Structure formats: structure tokens, C-alpha cells
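# Coordinate inspection notes
As a plain string of letters, each chain reads:
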Amino acid sequence: MSQSLHLFSPSSSNIALPKHSLFTPSVSTSSRRFPVASFQKRYRLAIRASSDPKVLVSDNGTAEILSHVSASPAAAAAVSSDSASIEVDAVTEVELKENGFRSTRRTKLICTIGPATCGFEQLEALAVGGMNVARINMCHGDREWHRAVIERVRRLNEEKGYAVAIMMDTEGSEIHMDDLGGAPSAKAEDGEIWTFTVRAFGSSRPERTINVNYDGFAEDVKVGDELLVDGGMVRFEVIEKIGPDVKCRCTDPGLLLPRANLTFWRDGSLVRERNAMLPTISSKAGCSCAVTVFGSDWCFLLVEDCLMVTLVGEDYETDWLDIDFGIAEGVDFIAISFVKSAEVIYHLKSYIAARSRDSDISVIAKIESIDSLKNLEEIIKASDGAMVARGDLGAQIPLEQVPSAQQRIVQVCRQLNKPVIVASQLLESMIEYPTPTRAEVADVSEAVRQRADALMLSGESAMGQFPEKALAVVRSVSVRIEKWWREEKRHEAMELPEVGSSFSDSISEEICSSAAKMANNLEVDALFVYTKAGHMASLLSRCRPDCPIFAFTTTTSVRRRLNLQWGLIPFRLSFTDDMETNLNKTFSLLKARGMIKSGDLVIAVSDMLQSIQVMNVP
Ligand SMILES: Nc1ncnc2c1ncn2[C@@H]1O[C@H](COP(=O)(O)OP(=O)(O)O)[C@@H](O)[C@H]1O
Ligand SMILES: C=C(OP(=O)(O)O)C(=O)O
Ligand SMILES: [K+]
Ligand SMILES: [Mg+2]
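In this text, all values refer to a predicted model and were calculated from it rather than measured experimentally.

### Structural notes on the overall build of the chain
- Across its full length, the chain holds 19 helices and 32 strands.
- Taken across its 618 residues, the chain has 57% of its residues classed as buried.
- Here the analysis covers contacts within the chain between residues at least 6 apart in sequence; of these, 70% occur between residues at least 24 apart.
- Accessible area of the chain: about 24600 Å², with a carbon and sulfur share of 52%.

Below is the structure:
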């Protein structure tokens, strides 16, 4: 029996689905058609296909969809072929010229883009202020809004020479409130009775009533449960259930924000089943058909123009439409919310590989649940990076355990050579005030001291009153703390286990750790790395050397992705296998731009020629 499924469209183009262990169980059903309507109720999915698609599964492991299916063209990876130039971030260039190598910031900065920062000028101000990655959160706004933001960031990169990468963050399986009918917020006072319901209201929403996005909500909560809004910013106690309505008394008053996240707790612990009980596939607009193959664990989904296969009852919910959107838009990173197991990541990665052969999207696992902590090592191994998503994490584990979880996640990522982002509430008070609290500055410092690759702003940049100031704070605190640690010569003594599987990988790792050690001992001005896929650059970054790392790479997409990693200054440059020529070319290009000068001491490594060269710039 074949190990992967093949789908045939009437137009006869043949789409091979990604080969993956998830697809290996046998399809025990004999050939059979599935009328669309009979699945509607079971999976609570909106079926809006005009063409009434049907799926035929035959016992030889092939499936046929009897309506038009075509693979959407993969987002083309932008590869500039101009061989006589070098491209570097305009802000870094100025910084290098003004302050020299040593002063460049090593910690990367991510800004969530929202209503406060979505305009072209606002985005430019963030780029000037040091934003390395723009994050769009699919929990908010619609796809058109996000598309416009992506388009503006791209334009900024093209017109002004930035290399701001784009991270799309999925909605995940969270339970959240509605958008409050467009109101910016609602105040819940102590002792007030509010109704949380799955009933749909038109324009006539009763007072103190909140819609919940999860159909099973009323069945799953019990009287006495505690309902936490945004991880505890506001709390309610469930006092009565009347059909789809859940009456709650406010016990900790506060502001309810549109689409705020909800968790519920029973006898002091999180009702863990909440993810598992959610419908497997989101019913967000656009999913036109979902069909489950009886007698197997597979579910077929017709998503826009593509048929996809997933496991029924798999306990995660990812919004496949947003993922398709991200692939089509060619985003650089997709961050997956509420990852529970490595399977989820493998599945997504093979899906991305099948749909976008020539673009390379990194998958970032958000660690924000108890399960993700349990399976931490496997999840991080499977991913291209991780995020310490402290907002939801702090709602799922006791708050006092968040710092140690953060430290562990940062360490595991470093050991496994994956970039790690520390996120949420870094400068929360700056949503409203122009200066941070001392405690917030200490928190940012701690993440920098842990040598996380990146820090992320959320509400501070998305909807706060001082997005640029907040960015300036994370930027200046990062630079100051990094400098302090270098001055104190506090190299973090961390065992870095071997991560590669081949002998060649081991050589690369040895070269990078030796080069980093030499760079520290010789106090060189910079490390140069010539890297096509970025692997050598990340191995150098992992060693967290004292000097900045100039990473030369041939494609703009790798250059953007390297922007997330600690200490890397990514340049786009076309180069050959001849290191002598590459070095001479780099020296003359950088000298011409005033970024290096004769006499500077550099160490160069490359993944073409496995060697370490130490030299003064001629
Ligand atoms: N695209 C957007 N449109 C409107 N508001 C947004 C958008 N992105 C973020 N926000 C606002 O910024 C806040 C903080 O963003 P974030 O931390 O990413 O989301 P959340 O609070 O849902 O975890 C959100 O609660 C929301 O109010
Ligand atoms: C970053 C997080 O995820 P989101 O903002 O999507 O809830 C978090 O929970 O900390
Ligand atoms: K999200
Ligand atoms: Mg979250």
C-alpha cells in the first residue's frame, strides 16, 4: 500500500500529499463517496461550496476529489541577482558607521503590528527604531488588513533598504470573547453579573453579555468554575447555566478587551480538556468542505483550492486558512499557537513544504501550555525556533513558575540551536504611559542576560499610545545590558551539545565554536560567515561571541530570516566557492561604504570551505 496519498483533479494535475507518518495508517474503507451534507452536523463546519465537492477514497490509498482542485503557485522566493552590490539594513549601517562594531545590538526586536502602527510612516518609524521582525497576529483584524500590512513592510524593504521579516502568528485553539460589538473595551465591576454565551446576537446585544467563540463552552463549564479573562486580568465565577447562557459573577474587576482570551479553572486547576474538546478544524470563513473518511482517522478538507488531509480528533486546532494565507503571502515565519506535540510541527512543516517548494518558511512553536512544556525538547527539535509566550503560559501554570519555565525554554533552544523569542508584557505599562516601570526594565534585562535571540512587543506596539518609545526602551536596555555583560566578561558557561547528525555537521560545529572562542580571546572586531542556507551563521550565533557576526548570504529570504537570530548582521551578497575572491569583494564593498576600515581584525568562516581565517582588513 502506498505511503502517501495522491489526489487527482479533473484537470489531471496530480498533487502528491506530503509523505508523513500521519498519513501511513491504512485506509480501510472501500471506494466510497461522501455526500457533503452528512458531515455538516458532525463537524460543525460551514459548508459553502458552490460546486458540491465530493471525495472518493479507494482502497489503494488514493483519493479523488470530484471537483476542481489545483495547487496554488508557491510564493516565489525573491532572489536578487545583482552581483556587484551588497545589501544591509540601513539602520545597522548607520549604527556601525557611528558607533563601531562593538556597539551594535545583539538582541533582536519584534513588534506586533496593530492599529497603532499599521501605516507606512508608522512602520518606517519602527524600522528606524530597530524593529527586526514585524508580527501580525491572526487573532485580530481580517486577512485584508494583514495583507495590507505585509505589502507595506515589503515596500519599506524595497524602497528604503530594510530587511524587516514578517512573522504570522496563528489564532490557535484559544477560546476567546467576541469583539464587543466594536467597542474598544468594557468595564466589569466587582460583583456584577455578566452572561457569556454562544448564542448569536444581531445588533441588539443585551447589556453585560459577551459572545464566546467556542460552541461547546456552555456544556464544558460547570457552576463554580473560575473564568479568567486574559490570564487573570479580570476574573469571574460561574454561578448558573441556562441553556447556552453562562451567568458569571465578577470577582476581580477590570477592563475587558475585544477578543480577549478566556480560560476556565476548576478546583484550582486549568480545565485541560479545553483544547481537546474544541472542534478539530476551525470554521473560520473560507473552509468550504470537510469530509471524514469513515473507518479511518483521516479528515479531508477542501480549503479554498486545495484538498488537505489531517487527523480527526487531533488535539490541536490551527487555522489552516491563515496558514495558506501566510504561505501565499510568503511570510518568513509562521508562529503556531498552543503547540502540544512535535507531531503538529512535523505535520505543518510537510504541509508547507508541499505547498511552497521554493520558499522556505520557518515554523516557530509557541510554548504556552502545560503540554508544550511537557514535550518541550521534541517540540523544539521539530521547530525552527520557539517563543516563550508568557501571556497564555501564565494563565496555564502558576505565575511564579513562569520565570523558571522561561529560563528552561531559552536554554533548551540554545542547546538545540533554535532561535528563541521572549514575549508578552515586557513593557505592558507603556501601553498607557510613556515610561516603563523599573520592574519592566528588570524583566527586559533578564531576558537579555539570558541571551534570548529576540524580545517581542505585543500590545505596546499594536495598540499602545507609545509604540516608538516602547521600542526605544527595549532597544536601549538591550544595548546597555549587553555592553555591561561584555565589560564584565561574563561569558555564559554553557555546554553546547552536538546538534548535527553527520560528520560534516560536526566539523561545522567545531569550526564555529573554535572561531567564536578565538574571536573572544583575540578580541577581534567581527566574525564573517559566508552561508547559503544560514546554518553556519546560526551555529556561530549559538556561541554568543563578544563581537558581532556579519552573515553574508545570497538570498533576500535567508537574509530576512537571519534577522531573528542573536548577534547576526545579515547582508545579501552574491559570492562564489572561492573564499579569496569573496573576502576581497566583501572588504572593498564594505570599505567603500565606510563600514570597515584597513586594520580591522576579522575572523572568517564559510560553509563552502570548512576553514577559519584570521586576518586584518587590507
Ligand atoms: N491586527 C490587529 N487589529 C486590532 N487590534 C490588534 C491587532 N493586533 C493586535 N491588536 C491589539 O493588541 C493587543 C495585544 O496584541 P497581542 O498580544 O498580539 O494579542 P492578544 O492580546 O490577543 O494576545 C490585542 O489584544 C489587540 O487589542
Ligand atoms: C504571545 C502570546 O500569544 P498571543 O498574543 O497570540 O496570545 C502569549 O500568549 O504570550
Ligand atoms: K495568536
Ligand atoms: Mg498566546
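### A look at empty space enclosed by the protein
- This structure, assessed with the given rule, holds seven cavities of 30 Å³ or more.
- Looking at the largest cavity, its volume works out to about 200 Å³.
- In terms of lining, the largest cavity is formed by 15 residues, of which the most central are Thr92, Glu95, Arg105, Lys108 and Asn132.
- Of all the secondary structure elements, the ones that give two or more residues to the lining of the largest cavity are helix H2 (90-99) and strand E30 (568-573).
- Here the residues of the lining of the largest cavity are counted per class, giving six nonpolar, five polar and four charged.
- Residue contributions to the lining of the largest cavity reach at least three from each of two domains, namely domain 2 (106-173 + 316-487) and domain 4 (503-616).

### Concerning the pattern of salt bridges
- What the rule picks out here adds up to 29 salt bridges.
- Residue Glu124 is joined to Lys160 by a salt bridge in which the shortest nitrogen-to-oxygen separation is 3.2 Å. Here Glu124, found in helix H3 (residues 120-128), pairs with Lys160, found in helix H4 (residues 143-160); they are 36 residues apart in sequence, far enough to count as distant.
- The partner of Asp332 in a salt bridge is Arg560, and the shortest N-O contact between them spans 2.8 Å.

### Describing the coordination of the potassium ion (ligand 3)
- Donor atoms from the polypeptide that bind the potassium ion (ligand 3) are Asn137 (OD1), Asp169 (OD) and Thr170 (O), placed at 2.7 to 3.1 Å.
- Linear spacing of the donor residues for the potassium ion (ligand 3) on their chain is N-x31-D-T.

### Some words on the coordination of the magnesium ion (ligand 4)
- Of the protein atoms, only Glu368 (OE) and Asp392 (OD) coordinate the magnesium ion (ligand 4), at distances of 1.9 to 2.1 Å.
- Between the magnesium ion (ligand 4) and the potassium ion (ligand 3) the interatomic distance comes to 5.4 Å. With Glu368 in the loop between strand E24 (362-367) and helix H9 (370-374) and Asp392 in helix H11 (residues 390-396), the pair connects residues that are 24 residues apart, well separated along the chain.
- Since its relative accessible area comes to 2%, Glu368 is described here as buried.

### A word on the sheet that holds strand E6 (residues 86-88)
- Within the open sheet, the six strands sit side by side as E6-E30-E29-E28-E31-E32. Their pairing is mixed. A single partner strand is all that each edge strand has here, and the edge strands are E6 and strand E32 (612-616). Direction aside, the axes of adjacent strands within the sheet are offset by 25 degrees on average.
- When strand E28 (residues 526-530) meets strand E29 (residues 549-553), the two strands line up parallel, connected through four bridges. Within E29, the position partnered with Tyr530 by the bridge is Phe552.
- Sheet contacts for helix H19 (residues 579-592): E6, E28, E29, E30, strand E31 (601-606) and E32; angle to E28, the most-contacted strand, approximately 125 degrees.

### Comments concerning the nonpolar core
- By size, the foremost hydrophobic cluster in this structure holds 73 residues, and its most contacted members are Ile113, Ile409, Leu427 and Leu455.
- For this core, the element with the highest residue contribution is helix H15 (residues 467-487), accounting for seven residues.
- Not counting residues up to four positions away in its chain, the partners in contact with Ile409 are Ile367, Leu373, Leu376, Ile380, Val388 and Val420.
- Grouped together as the second largest cluster of nonpolar side chains are 26 residues, Ala188, Val212, Cys248 and Leu256 included.

### Here we look at the UniProt feature "domain: Pyruvate kinase C-terminal" (unreviewed entry) in the chain
- According to UniProt, the "domain: Pyruvate kinase C-terminal" (unreviewed entry) feature falls on residues 509-608.
- Each end of residues 509-608 is marked by a C-alpha atom, and these two atoms are 14 Å apart; helix forms 43% of the span and strand 22%.

### Examining the site of ligand 2
- Within the structure, ligand 2 sits among Arg135, Asn137, Lys366, Glu368, Met387, Ala389, Arg390, Gly391, Asp392, Ser424 and Met456.
- Take Ala389: an N or O atom from its main chain is 3.4 Å from an oxygen atom of ligand 2.
- The separation between an oxygen atom of ligand 2 and a polar main-chain atom of Arg390 is 3.3 Å.
- Considered on its own, ligand 2 offers 290 Å² of accessible surface; in the complex 87% of this is hidden by protein.
- Of all the secondary structure elements, the ones that give two or more residues to the shell around ligand 2 are strand E8 (133-137), strand E25 (385-389) and H11.
- A class-by-class count of the residues in the shell around ligand 2 yields three nonpolar, three polar and five charged.

### Description of the layout of surface pockets
- Taken as a whole, the second largest pocket holds about 590 Å³ of empty space.
- Lining the second largest pocket are 30 residues; nearest its centre among them are Ser362, Asp384, Ala533, His535 and Arg561.
- Classifying every residue of the lining of the second largest pocket gives twelve nonpolar, eleven polar and seven charged.
- Counting contributing residues per domain, the lining of the second largest pocket is built from domain 2 (106-173 + 316-487) and domain 4 (503-616), each supplying no fewer than three.

### Concerning the sheet that holds E24
- Taken in spatial order, the eight strands line up as E7-E8-E9-E23-E24-E25-E26-E27 and close into a barrel, and their pairing is parallel. For this sheet, the mean inter-axis angle between neighbouring strands, taken without regard to orientation, is 25 degrees.
- Relative to E8, H4 is tilted by about 175 degrees, and along the sheet it contacts E8 and strand E9 (165-169).
- Taken strand by strand, helix H8 (residues 342-355) contacts strand E23 (333-336) and E24, and its axis lies near 155 degrees from that of E24.

Procedures and definitions
Residues numbered from 1 in each chain as written. Chains lettered and ligands numbered in written order. Predicted model: local features only at pLDDT ≥ 70, side-chain atom pairs only at ≥ 80, totals over all residues. Heavy atoms only, no water. Helix = DSSP H or I, 4+ residues; strand = E, 2+ residues; numbered from the N terminus. Buried < 20%, exposed > 50% of the residue type's maximum accessible area, 1.4 Å probe, protein only. Contact = heavy atoms within 4.5 Å. Areas by Shrake-Rupley, 256 points an atom, 1.4 Å probe, with all protein chains shown as cover. 1 Å grid on protein atoms, 1.4 Å probe; cavity = no way out; pocket = protein on both sides within 12 Å on 5 of 7 lines; lining within 4 Å. Points joined across faces, edges and corners; volume = space filled by probe spheres on them. Nonpolar A, V, L, I, M, F, W, Y, C, P; charged D, E, K, R; others polar. Domains from an automatic or database assignment. Salt bridge = Lys/Arg side-chain N within 4 Å of Asp/Glu carboxyl O. Donors = N, O, S within 2.8 Å, 3.2 Å for Na, K, Ca; no water. Pairing = 2+ DSSP bridges. Axes fitted to C-alpha atoms, helices over the stretch in contact; angles between N-to-C directions. Core = buried A, V, L, I, M, F, W, Y, C linked by side-chain atoms within 4.5 Å. UniProt positions renumbered as here; feature names shortened; annotations may be inferred. Near = heavy atom within 4 Å. Polar contact = N/O pair within 3.5 Å; in protein donor to acceptor, adjacent residues only side chain to side chain.

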